[in-house]
Amino acid sequence: MNITYRKLTENDLETFISMRVAQLREEGATEELDLKPTLMDYYHRHMADGTFVSWLAMDGEMIIGTSGMSFVEKPPYFSCPSGKIGLLSSMYTDPDYRRQGIAKKLLGLVVEEARAYGCGSVQITASDMGVLLYTDFGFVKNGNFMQYKL
């Protein structure tokens, strides 16, 4: 098996979105909502303006792992003077390819994208399965994270 890595292109979006939906379902999402049109719109817009980037793991022509980084900006603060933040998402590896270092490699690639963009931090809401990957990489839990659903 020869795993290669490359950036997501517009031609990959159908497969990428299907994998994103599979990931969300695997993490427990049960809502009956077709996210594919809104995901397609999001990725088209944000890939075009450079505020979303993804690296893929490939086995031949087959996508077997995904990553994603959205770039957002908020007012600068002391621990992030640039105000630029990377929001990590879409970290998914096909079950047949797990535990081979693929997710760690993808994580490193998108974190480098965030560094190059000028981000002062990268954030993620980790699945139970992903916590070990992120803590091993150096992510630290922030017990103050809160969310208000609209």
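Refer to the preceding data block for the structure.
Right, let's walk through the structure included here. (Residues numbered from 1 in each chain as written. Predicted model: local features only at pLDDT ≥ 70, side-chain atom pairs only at ≥ 80, totals over all residues. Heavy atoms only, no water.)

### Some thoughts on the overall build of the chain
Argument step 1. Within the chain, the secondary structure is distributed over four helices and six strands.
Argument step 2. Going from N to C terminus, the chain has its helices and strands arranged as β-α-α-β-β-β-β-α-β-α.
Argument step 3. For the chain, the C-alpha radius of gyration of 15 Å lies close to 15 Å, the compact-globule estimate for 150 residues.
Argument step 4. Counted over contacts in the chain with a minimum sequence separation of 6, partners at least 24 positions apart contribute 64%.
Argument step 5. Summing over all exposed atoms, the chain offers an accessible surface of approximately 9600 Å²; the carbon and sulfur share of this is 55%. (Helix = DSSP H or I, 4+ residues; strand = E, 2+ residues; numbered from the N terminus. Rg over C-alpha atoms; globule rule 2.2 N^0.38 Å. Contact = heavy atoms within 4.5 Å. Areas by Shrake-Rupley, 256 points an atom, 1.4 Å probe, with all protein chains shown as cover.)

### With respect to helix α1 (residues 13–26)
Argument step 1. Between its terminal C-alpha atoms α1 stretches 19 Å, which fits the 20 Å expected from 14 residues at 1.5 Å a residue.
Argument step 2. Taken as a whole, α1 has its buried residues at L13, F16, I17, M19, R20 and Q23. Down the axis of α1, the buried set is contained in an arc of 160°. They therefore lie on one face.
Argument step 3. Its buried side turned inward, α1 meets α2 (36–48), β2 (52–53), β3 (55–59), β4 (62–73) and β5 (84–93).
Argument step 4. Positive phi appears at G28, one or two residues downstream of α1, with a value of about 115°. (Expected span 1.5 Å × (residues − 1). Buried < 20%, exposed > 50% of the residue type's maximum accessible area, 1.4 Å probe, protein only. Arc of directions from axis to C-beta.)

### Comments concerning the pairing of β4
Argument step 1. Of all 12 residues in β4, nine are buried, a share of seventy percent or more.
Argument step 2. Alignment of β3 against β4, held across four bridges, turns out to be antiparallel. Residue pairing across strands places M58 opposite I63, the latter belonging to β4.
Argument step 3. Linkage of β3 to β4, two consecutive antiparallel strands, is achieved through a turn of two residues, within which G60 is found at a positive phi near 70°.
Argument step 4. As paired elements, β4 and β5 share eight bridges and run antiparallel to each other. What sits directly across from M69, in β5, is L88. (Pairing = 2+ DSSP bridges.)

Any link to function would need more than the numbers given here.
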